[in-house]
Amino acid sequence: MEKSTSFEISKKAIEDSKWTRANTWTFISFAVGVMMQASFYSWAYLATGWYPITSPVLKYLLLIWPGIWFIVGIMFMGVLSDRIGRRLAFLITMGIYFIAAVGILLSFNYYLVLVFIAISQVAGGGETNVAIASIPEMFPTRVRGKVLYLVYAFVSIGPAIFAGIDFLSISSQVTFQRELVAASAIPLLAILLISRYKMPESIRWLEAKGRKKDAEKTAEKYYSAPTIASTSVNEQAAVPRRSNSIALKLLVVTLLSIANIIGFGIFVFDLGPVYFPSLTSLIIFVSDLVEAIVTIGFAFLVDRISRKWNIFSFYLGTLIMAVIITLTVSIWSTSVDIFWVILGVMNVFLALGYVAENTLKGEIWPTGRRATYTGIARTIAYVLNVPATLYLYYLSLTGFAILNVVLWAIGVVGATIWLLRGRETGKYTSVTIASNEES
């Protein structure tokens, strides 16, 4: 058991409470933040059509570029947010987003775009890491999974919007395309500024750091009269409450992340630039639109069901789809209609596996090191994503499909281990139990 301090204040003010205005501002802050991150991430792939890139080296540099700097953000902001707090970390990433958006707006060549995309991804890596860690701490238990699913729908909504803008302006001058995409981020930054000013610090984090008085002040200011929710928190988890070691958790989450991050990335973002360059923005648009729709739809079910079975089912489903795609390459690669059907169905499984794994990843760690441990697993996956993306240069479309099968087989191994050995974190289970901070 991972012992920590008492979490009585956050339990009363947040975990067992109904939705409050502070929850609304925090949700807006997280949703717009991850939307900004995903949008900047997709711009690297859209930029392959902004400038003439004849060198394969430069083209593949652009494909791995966001991931490299994303790693820096994950490593740096994960540790920093565990030390300085969730709110201050979010204020830092917001400032970096602003610099990146203005920089891309003013960039007049490929190399400046690279510089400012790099800056944006330092913020983005930290943004998503801190969001995954903060959601279990800052929202009622009865809607914890739903909130993360809805927040992560914005990971898809952002790129879909900007890919759509890019596609609709594809006949325009490159300068107009780039400026239109970058300028569209300015209103989002304004919303981010307001919401982050109004959101509170994580009371649970304050308690974990021994700052009980600050936790009480925050609870009084933002959650002055919390009322108990009608759906009771599951203090006696419906399955045996296994005490999982940090080592087992890291193994499982790393295996899940390798499949999730690399498999998701090469299918949604690399498939276009590497194999279907003329369809890049449309592939991103369709993929993210499908992902946003199914994520929002499933969000209203997720808190009621087993998290273990949820992850296992969608990882297995994604593996089965990857096998089908591999066996039918010659069909869907030559038929436009079948191609879009395959793309859409695969993205249903990709999306639901993606959010299920990210939900688990934020729930299972002790509060004082939640962002750090989350960052370790994600860093390993993003580091491996670099050679995997470069390897696409040597792969045919069939080889690409086989690589997907291998990646999701790795993910299914992790999902199976957690199904058999892991602690249940769904079905309205308190985050204190989910994280082993209370047996």
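Before reading further, recall that the structure is shown in the block above.
Residues numbered from 1 in each chain as written. Predicted model: local features only at pLDDT ≥ 70, side-chain atom pairs only at ≥ 80, totals over all residues. Heavy atoms only, no water.

(A) A look at the overall build of the chain. Looking only at helices and strands, one finds 18 helices and zero strands in the chain. The buried share of the chain, reckoned over its 439 residues, is 60%. By sequence separation, contacts in the chain at least 24 residues apart represent 86% of the contacts at least 6 residues apart. (Helix = DSSP H or I, 4+ residues; strand = E, 2+ residues; numbered from the N terminus. Buried < 20%, exposed > 50% of the residue type's maximum accessible area, 1.4 Å probe, protein only. Contact = heavy atoms within 4.5 Å.)

(B) Structural view of helix H11 (residues 246-275). The sharpest bend along H11 measures roughly 45 degrees and falls at Phe 269, with the proline Pro 273 sitting one to four residues further on. The element H11 is largely enclosed, with a buried count of 27 among its 30 residues. (Bend = angle between axes of the 7 residues up to and from the residue.)

(C) Representation of the packing of helix H13 (residues 307-327) against helix H15 (residues 336-363) in the model. Close contact between H13 and H15 brings their axes to 9 Å; oriented N to C, the two are set at 150 degrees. The angle between H13 and H15 falls in the class roughly antiparallel. Along this stretch, H13 crosses H15, giving a crossing that reads as left-handed. Across the interface between the two elements, Arg 307, Asn 310, Ile 311, Phe 314, Tyr 315, Gly 317, Thr 318, Met 321, Ala 322 and Ile 325 of H13 pack against Ile 342, Val 345, Met 346, Phe 349, Leu 350, Leu 352, Gly 353, Ala 356, Glu 357, Thr 359, Leu 360 and Glu 363 of H15. Taken together, the residues of the contact of H13 with H15 sort by class into 14 nonpolar, five polar and three charged. (Axes fitted to C-alpha atoms, helices over the stretch in contact; angles between N-to-C directions. Parallel < 35°, antiparallel > 145°, perpendicular 65-115°, else oblique. Left-handed = near helix turned anticlockwise from the far one by under 90°. Nonpolar A, V, L, I, M, F, W, Y, C, P; charged D, E, K, R; others polar.)

(D) Highlighting the environment of Trp 332. Within the secondary structure, Trp 332 sits in helix H14 (residues 329-332). For Trp 332, a relative accessible area of 3% corresponds to the buried category. For Trp 332 and Ile 342, which are 10 residues apart along the polypeptide, the C-alpha to C-alpha distance reads 7.3 Å. Non-local contacts of Trp 332, meaning those with residues more than four positions away in its chain, are made with Phe 276, Ile 325, Ile 338, Phe 339, Ile 342 and Leu 397.

(E) Highlighting the packing of aromatic side chains. Enumeration over the complete set of coordinates arrives at 19 aromatic pairs. Ring geometry for Phe 264 against Tyr 354: centres 4.8 Å apart, planes inclined by 25 degrees, an arrangement best described as stacked. One end of the pair, Phe 264, is in helix H11; the other, Tyr 354, is in helix H15, with 90 residues separating them in the sequence. Owing to a relative accessible area of 8%, Phe 264 belongs among the buried residues under this scheme. (Phe/Tyr/Trp six-rings, centres within 6.5 Å; stacked < 30°, edge-to-face > 60°.)

(F) Up close: the nonpolar core. In this structure, Tyr 275 and Leu 392 are the most contacted members of the largest nonpolar core, which totals 92 residues. Residue contributions to this core peak at 17 residues, all from H11. Leu 392 has contacts with Tyr 60, Ile 266, Asp 270, Val 274, Tyr 275, Phe 400 and Leu 403, leaving out every residue within four places of it along the chain. One finds Met 35, Phe 40, Ala 185 and Leu 189 within the second-largest nonpolar core, a separate group that totals 22 residues. (Core = buried A, V, L, I, M, F, W, Y, C linked by side-chain atoms within 4.5 Å.)

(G) Geometry of the packing of helix H3 (residues 56-84) against helix H16 (residues 370-391). Running from N to C, H3 and H16 cross one another at 165 degrees; their axes reach a closest spacing of 9 Å. When the interaxial angle is binned, H3 and H16 end up roughly antiparallel. The handedness of the crossing between H3 and H16 comes out as left-handed.

(H) Broad picture of unusual backbone geometry. Of note, the phi angle at Lys 427 is positive, near 55 degrees, even though the residue is not glycine. One can find Lys 427 in the loop between helix H17 (397-421) and helix H18 (431-434). With relative accessibility at 30%, the residue Lys 427 sits in the partly exposed group. Positive phi, normally seen in glycine, also occurs at Tyr 428, with a value near 60 degrees. Take Tyr 428: it is sitting in the loop between H17 and H18.

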